[in-house]
Amino acid sequence: MSTSPKPVKKVPIHLQSAQNRVYIKNGEIVNHDKSFKADVYIEDGIIKFVGPSSEITIPGGVRTIDASGLMIIPGGIDPHTHMQLPFGGAVAVDDFYHGTKAAVAGGTTMIIDFVLPNKHESMIEAYDKWRSWADPKVCCDYGLHVGITWWSKSVSEEIGILCKELGVNSFKTFMAYKNLYQLNDSDLLDVFERIRQLNGVAMVHAENGDIIAKNTQRLLAEGITGPEGHELSRPEEVEAEAVHRACVLAHQMKTPLFVSGLTSKSSAELVGRARRSGYCVFGETLASSLGRSMSGVPKGDRIYCITSPPIRESAETPRQLMKSLAYDDLQLTGSDNCTFNKEHKALGKGDFTKIPNGVNGVEDRMSLVWEKGVHAGLLDPCRFVAVTSTNAAKIFNIYPQKGRIAVGSDADIVIWNPNATRTISKDTHHHACDFNIFEGMTVHGVCEFVLVRGRICAERGNVRVAEGFGRFIPTPVRPPFVYDIIEGKVQASTEEQQEHQERQNGNVAKRFAELDIQIPVQEPLSAMLAGNLPMPAEGSLCSTPSVRGRVDGKRDLQESSFSISEELDRSGVRACIKVKNPPGGKSSGFW
Ligand code: URQ
Ligand code: ZN
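Residues numbered from 1 in each chain as written. Chains lettered and ligands numbered in written order. Predicted model: local features only at pLDDT ≥ 70, side-chain atom pairs only at ≥ 80, totals over all residues. Heavy atoms only, no water.

Draft legend 1. Seen up close, the coordination of the zinc ion (ligand 2). The coordination sphere of the zinc ion (ligand 2) contains the protein donors His80 (NE2), His82 (NE2) and Asp336 (OD), at a distance range of 2.0 to 2.2 Å. With four donor atoms in place around the zinc ion (ligand 2) and angles of 84 to 144 degrees between them, the coordination shape is irregular. (Donors = N, O, S within 2.8 Å, 3.2 Å for Na, K, Ca; no water. Tetrahedral: all angles 85-135°; square planar, octahedral: opposite > 155°, others 65-115°.)

Structure below.
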């Protein structure tokens, strides 16, 4: 049981003065809902000013960064990592130091890791163990999900304590890993019901573990023992079946559901359909599934790419998943970073069930999403920010402390060069592992600077992190962007609402014309920020509205849309549509 108060971490003196005042000028700020030109002033780890340079006088002793031609984006939030996880007879080699150093190097300034208790282990004792591993080592802030790997009255009581006292609002269940983490449907219903009672967020690893076990038994009996057996035991439909079932179970319990690590188009479409049917469900895909497929991988190299759910064979899958993120069938990207060295993977030579599952991703996630999404013309930069940072902050209830460039938010900031490229390699990455599944890939989108709570931790490729500088970030229960939907205050968008919104958007353009307000001619924002077109002077409207929900009754977009930055943003540049509170109170519509 967690008893002793956590020691207050002292920031080393040398970090306090030199790093705590930074001024970033001439950059293009890109939040999930709009992009605009403005300067940013940071002090003591918090954003204190966002606006034109004419409105601020910079005191002496401030580090000034010229971000001309660059983007200023919220630091990435990776909601799915497994640092130093004991798994499959090994321990993941990226510990909380190397893993978070790699995260920062790639532009991720917060991770949310998983406490995974063994069956019959106390949830709280496991939580204390993970805290003792992470607190002394993390280079950036972190949160924790807790795995419900078994179920009983005591577990139900302990997750109540985790919610009320220990800063956890999200609980991972597994429909796979039979005899290790897997729960049956009856337990899943009880767990989802309890999570709803606590105003938490249920998470699921959605693969049918019974089918996997049966297929594995058959494959081994047929002498198929190589790494190809891994994907053969769990083809796409084994994921899709579990995704559908998890959505129905959670919907029946009226519990918000986060589906982790989707790897196939069919599963992504199921999540999209559930959302359009009004289910409160969110879908995550991974750097590994977005960045590559197994198409053409030599048999001898397959062992290194083993993760669950698996990286799919089809070369089409990465682009299909990126389109799912663009269409909002999926809402987030994670990495599932769980790295093992070649020697560990070799434990499974001759029996694919003994290959420790997991690959890298936390360092390269941001660049891969930029390369395969924005540079490929499928996402605009605002949507890039939404799926790499803001949506995770909203779902896990740490927005706008995290996931936004705004006055009052933590100064977790990345100065992003959309036109620069880098080539991914084990020889240059910051992971502890001795290979990289994206080896040799050249990607657009490079961090010029990474600030973690105002401290410059990466500068033009030079990574200077401080072990233990990161903090544990509690994730409070009842995230409004989730529970307002579940409680009917805001309807999750449905087909007819989306059609309604398209009509409204058309009316908005007509209204602007009547009011003689010129909307800058919008080239595809992604093309602009991908360096193909010059940026318009006064900022850009984002093409992918991040708010689809509506407050009770039809929301008249003529009068309002939603912008949390209303009271925070002093840039003077209009939000998509300047708003007061929409009719019926402040919208907390999320999608
Ligand atoms: O399944 C997970 O998410 C954990 C156990 C890491 N392993 C993996 O294959 N992703
Ligand atoms: Zn995982």
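After that view, the rundown keeps rolling.
Draft legend 2. Focus on the packing of helix 8 (residues 236-252) against helix 9 (residues 265-276). Two elements in contact, helix 8 and helix 9, have axes separated by 8 Å at closest approach and are oriented at 15 degrees. Considering the angle they form, helix 8 stands roughly parallel to helix 9. Crossing angle aside, the handedness with which helix 8 passes helix 9 is right-handed. Counting all contacts with helix 8, which are made through Glu236, Glu239, Ala240, Val243, His244 and Cys247, the residues of helix 9 involved are Ser266, Ser267, Leu270, Val271 and Ala274. Partitioning the contact of helix 8 with helix 9 into residue classes produces six nonpolar, three polar and two charged. (Axes fitted to C-alpha atoms, helices over the stretch in contact; angles between N-to-C directions. Helix = DSSP H or I, 4+ residues; strand = E, 2+ residues; numbered from the N terminus. Parallel < 35°, antiparallel > 145°, perpendicular 65-115°, else oblique. Left-handed = near helix turned anticlockwise from the far one by under 90°. Contact = heavy atoms within 4.5 Å. Nonpolar A, V, L, I, M, F, W, Y, C, P; charged D, E, K, R; others polar.)

Draft legend 3. Geometry of the site of ligand 1. For ligand 1, the full set of nearby residues is His80, His82, Phe87, Tyr177, His205, Thr307, Ser308, Asp336, Cys338, Asn357 and Gly358. Between ligand 1 and Thr307, the relevant distance is 3.2 Å, taken from an oxygen atom to a side-chain nitrogen or oxygen of the residue. Bound to the protein, ligand 1 loses 100% of the 280 Å² it would expose on its own. Its residues assigned to classes, the shell around ligand 1 comprises three nonpolar, seven polar and one charged. (Near = heavy atom within 4 Å. Polar contact = N/O pair within 3.5 Å; in protein donor to acceptor, adjacent residues only side chain to side chain. Areas by Shrake-Rupley, 256 points an atom, 1.4 Å probe, with all protein chains shown as cover.)

Draft legend 4. Expanded view of the sheet that holds strand 1 (residues 21-25). Spatially, four strands are ordered 5-4-1-6 in an open sheet, and the strand pairing comes out mixed. Two strands bound the open sheet, and with one partner strand each, they are strand 5 (46-51) and strand 6 (63-66). Direction aside, the axes of adjacent strands within the sheet are offset by 15 degrees on average. The pairing of strand 4 (residues 39-43) with strand 5 spans five bridges and is classified as antiparallel. (Pairing = 2+ DSSP bridges.)

Draft legend 5. View of the pairing of strand 11 (residues 108-115). Most of strand 11 is tucked away: eight of the eight residues are buried. Bridge count between strand 11 and strand 12 (residues 141-147): six bridges; the pairing is parallel. In the strand pairing of strand 12, Val115 is matched with Val146. For the crossover that starts at strand 11, traverses helix 3 (residues 123-134) and ends in the parallel strand 12, the hand is right-handed. (Buried < 20%, exposed > 50% of the residue type's maximum accessible area, 1.4 Å probe, protein only. Right-handed = clockwise from strand over helix to strand, strands pointing away.)

Draft legend 6. Quick peek at the packing of aromatic side chains. Counted by the stated rule, this structure contains 15 aromatic pairs. These aromatic residues form a ring-pair network of at least three members: Phe87, Phe174, Tyr177 and Tyr181. Lying over the aromatic face of Phe469, Arg453 brings its terminal NZ or CZ to 4.6 Å of the ring centre. (Phe/Tyr/Trp six-rings, centres within 6.5 Å; stacked < 30°, edge-to-face > 60°. Lys NZ or Arg CZ within 6 Å of the ring centre and 35° of its normal.)

Draft legend 7. Summary view of empty space enclosed by the protein. The full count for this structure, using the stated rule, is six cavities of 30 Å³ or more. Estimates place the volume of the largest cavity at around 140 Å³. As for the largest cavity, its lining consists of 16 residues, of which His82, Phe87, Tyr177, Ser308 and Asp336 are closest to the centre. Class assignment for the residues of the lining of the largest cavity results in seven nonpolar, seven polar and two charged. Each pocket or cavity is described by its volume, and for the second largest cavity that value is around 90 Å³. (1 Å grid on protein atoms, 1.4 Å probe; cavity = no way out; pocket = protein on both sides within 12 Å on 5 of 7 lines; lining within 4 Å. Points joined across faces, edges and corners; volume = space filled by probe spheres on them.)

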